[in-house]
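Take a look at the letters that make up each chain.
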Amino acid sequence: MSANVPLVVRLLASSVSVAGRAGKIVRDVMSKGELGIVEKAKDDYQTEADRSAQKCIIASLSAQFPKVNIIGEEEQCQSSEEEVTDSIVLEADKEILRLDCPASLKSVKEEDIVVWVDPLDGTSEYTQGFLEHVTVLIGISVNEQPVAGVIHQPYYRSLVAGEKILGRTIWGLQEVGVGGFTPAPPPDSLVITTTRSHSNPVVEKALQVMNASQILRVGGAGYKVLQLLEGAASVYVFASAGCKKWDTCAPEAVLRAAGGRLTDILGNCYKYGPEVGHPNATGVLAAATAELHAFALSKIPQELKDKLACK
Ligand code: AMP
Ligand code: MG
Ligand code: MG
């Protein structure tokens, strides 16, 4: 059946399935209690969960889509063939396979695609026990644009027909929509969501000028965008470098598919092609509606925009 399904839809369906497995890896590493923390740079950590989840995602997607360029956050560490074969997921989510591919994406080839993988977004929070903030991110870009994405939340708890379920998978596809959660409108007053663990004076200045009724400080780009989608926050503001393309590709794709917007602090869109630099040097500004995004952008003083732009 899936042979007739357009490539982008098959890739999204496989990404949904493998994100669930990656989430299980993230939980299993935590249950075992041996996190194997490595400090990659200042305030930038990696654990065994980041490493193993990435291996699983990249091995699984490249086995099925060999010509797709897949860029993961973690440098690929050596793994035995047996280890890689064990973690390969070849399933594809059946609900996604039934989606109607938009005409604009029907003839996309593997060579046109870059997949951005953040195997564990919110590693600081993972190591500190803020587990709800943790997400697995798989973003699909076509000709530099984020067209589809998966945000998997391994520690989300729900009750389905009286049974306790751990983990949920949110997805979005351009011109089709979103799934895996119940969208809700933004709050009545201005609620900002921002970093918990990577603040600095410029980040704080940008929060101050917003004059918000509340500021939520949570981990991960994925979790903050979920807060926008579910009406817990109005705007995501991060006036600093630090986020990378793998942090924003999937969240931006899902947010766009839901009618929202994610740009840098100057209002410019990021591009997700194969040659692009990894850092999102000019920060992140996102909202669930174009109106809220424009409102937030209008509040950022030019001086602050200039400060970020010239770094
Ligand atoms: P945060 O909002 O601080 O949780 O950051 C969202 C994503 O961007 C996470 O994956 C962080 O690791 C990454 N990030 C943000 N700021 C920095 C930074 N200063 N150094 C390293 N990673 C960062
Ligand atoms: Mg991240
Ligand atoms: Mg990460």
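> Whenever I open this one, the coordination of the magnesium ion (ligand 3) confuses me. Can you help?
For a metal with four tetrahedral donors the ideal donor-metal-donor angle is 109.5 degrees, whereas six octahedral donors ideally subtend 90 or 180 degrees. Protein-derived ligands of the magnesium ion (ligand 3) are Glu73 (OE), Asp118 (OD) and Leu120 (O), with the metal-ligand distances lying across 2.2 to 2.3 Å. Of note, the magnesium ion (ligand 3) draws all its donor residues from one chain, in the sequence arrangement E-x44-D-x1-L. A separation of 3.5 Å is found between the magnesium ion (ligand 3) and the magnesium ion (ligand 2), both of which receive a donor from aspartate 118. Residue glutamate 73 is found in the loop between strand 3 (69–72) and helix 3 (81–86), and its partner leucine 120 is found in strand 4 (residues 113–121); the two are separated by 47 residues along the sequence.

> Before we go on, may I ask you to explain the packing of aromatic side chains in this structure?
The relation between two aromatic rings is expressed through the spacing of the ring centres and the mutual angle of the planes. Summed over the entire model, instances satisfying the criterion amount to 1 aromatic pair. Seen in terms of ring centroids, tryptophan 116 and tryptophan 246 are 6.4 Å apart; in terms of plane orientation they differ by 40°. Their pairing is tilted. One end of the pair, tryptophan 116, is in strand 4; the other, tryptophan 246, is in helix 8 (residues 245–257), with 130 residues separating them in the sequence. In terms of burial, tryptophan 116 and tryptophan 246 fall into one category: buried. Here the guanidinium or amino end of arginine 168 rests over the ring plane of tyrosine 156, the centre of that ring lying 3.7 Å away.

> In this structure, what is going on with the sheet that holds strand 12 (residues 261–263)? I would like to understand it.
Strand pairing within a sheet occurs via backbone hydrogen bonds; the two strands may be parallel or antiparallel. The sheet built from 5 strands is open, its strands ordered 10-9-11-13-12 with mixed pairing. Edge positions in the sheet fall to strand 10 (214–217) and strand 12, since each of these pairs with one other strand and no more. In this sheet, adjacent strand axes meet at a mean angle of 20° when their direction is disregarded. The pairing of strand 11 (residues 235–238) with strand 13 (residues 284–287) spans 4 bridges and is antiparallel. Across the sheet, the residue bridging to tyrosine 236 is alanine 286, located in strand 13. Packed onto the sheet, helix 7 (residues 221–229) meets strand 9 (191–194), strand 10, strand 11, strand 12 and strand 13 and runs at close to 150° relative to strand 11.

> Which parts of the structure should I look at to understand unusual backbone geometry?
Among all residues except glycine, the phi angle is most often negative; among peptide bonds, the trans geometry is most common. Its identity is not glycine, yet alanine 161 carries a phi of approximately 50°, on the positive side. Relative to the assigned elements, alanine 161 resides in the loop between strand 6 (145–160) and strand 7 (163–173). Residue alanine 161 is classed as exposed on the basis of its relative accessible area of 85%.

> Sorry if this is basic, but what is going on with the pattern of salt bridges here?
Pairing between side chains of opposite charge can happen when their charged atoms approach one another. Per the stated rule, a full pass over the model turns up 11 salt bridges. Here glutamate 74 and lysine 40 are joined by a salt bridge, their closest N and O atoms 2.9 Å apart. Here lysine 40 lies in strand 1 (residues 38–41) and glutamate 74 lies in the loop between strand 3 and helix 3, a separation of 34 residues in the sequence. Note that arginine 217 and glutamate 204 form a salt bridge whose closest N and O atoms lie 2.9 Å from each other. One end of the pair, arginine 217, is in strand 10; the other, glutamate 204, is in helix 6 (residues 201–210), and 13 residues separate them in sequence.

> Hey, could you run me through the site of ligand 1 in this one?
Taken together, the neighbourhood of ligand 1 is formed by 14 residues, with Thr195, His198, Gly220, Lys224 and Asp247 sitting nearest. At a separation of 2.9 Å, an oxygen atom of ligand 1 approaches a polar side-chain atom of aspartate 121. The separation between an oxygen atom of ligand 1 and a polar main-chain atom of glycine 220 is 2.6 Å. The protein chains hide 86% of the 460 Å² of surface that ligand 1 would expose on its own. Of the residues contributing to the shell around ligand 1, the split by class is 3 nonpolar, 6 polar and 5 charged.

> Please clarify how the coordination of the magnesium ion (ligand 2) should be interpreted in this entry.
Protein-derived coordination of the magnesium ion (ligand 2) comes from Asp118 (OD), Asp121 (OD) and Asp247 (OD), at a distance range of 2.0 to 2.2 Å. The sequence pattern describing where the donors of the magnesium ion (ligand 2) fall on their chain is D-x2-D-x125-D. By relative accessible area, which is 1% here, aspartate 118 ends up buried.

> What am I meant to see in the environment of alanine 233 here?
Among the structural elements, alanine 233 can be located in the loop between helix 7 and strand 11. As for alanine 233 and proline 185, which are separated by 48 residues in sequence, their C-alpha atoms are 9.4 Å apart. What alanine 233 contacts, discounting residues up to four positions off in sequence, is Pro187, Val191, Thr193, Leu216, Gln227 and Leu228.

> Any chance you could explain the packing of helix 1 (residues 7–32) against helix 2 (residues 48–64) here in plain terms?
A packed helix pair is summarised by two numbers, namely the angle formed by the two axes and the spacing between the axes. In contact at an axis separation of 9 Å, helix 1 and helix 2 are set at 155° when each is read in the N-to-C sense. In terms of orientation, helix 1 lies roughly antiparallel with respect to helix 2. Read as a crossing pair, helix 1 and helix 2 show a hand that is right-handed. Along the contact surface, helix 1 presents Leu11, Ser14, Ser15, Val18, Arg21, Ala22, Ile25, Val26 and Val29, while helix 2 presents Glu48, Ala49, Ser52, Ala53, Cys56, Ile57, Ser60, Leu61 and Gln64. Per-class residue counts for the contact of helix 1 with helix 2 are 11 nonpolar, 5 polar and 2 charged.

How each quantity is defined
Residues numbered from 1 in each chain as written. Chains lettered and ligands numbered in written order. Predicted model: local features only at pLDDT ≥ 70, side-chain atom pairs only at ≥ 80, totals over all residues. Heavy atoms only, no water. Donors = N, O, S within 2.8 Å, 3.2 Å for Na, K, Ca; no water. Helix = DSSP H or I, 4+ residues; strand = E, 2+ residues; numbered from the N terminus. Phe/Tyr/Trp six-rings, centres within 6.5 Å; stacked < 30°, edge-to-face > 60°. Buried < 20%, exposed > 50% of the residue type's maximum accessible area, 1.4 Å probe, protein only. Lys NZ or Arg CZ within 6 Å of the ring centre and 35° of its normal. Pairing = 2+ DSSP bridges. Axes fitted to C-alpha atoms, helices over the stretch in contact; angles between N-to-C directions. Contact = heavy atoms within 4.5 Å. Salt bridge = Lys/Arg side-chain N within 4 Å of Asp/Glu carboxyl O. Near = heavy atom within 4 Å. Polar contact = N/O pair within 3.5 Å; in protein donor to acceptor, adjacent residues only side chain to side chain. Areas by Shrake-Rupley, 256 points an atom, 1.4 Å probe, with all protein chains shown as cover. Nonpolar A, V, L, I, M, F, W, Y, C, P; charged D, E, K, R; others polar. Parallel < 35°, antiparallel > 145°, perpendicular 65-115°, else oblique. Left-handed = near helix turned anticlockwise from the far one by under 90°.

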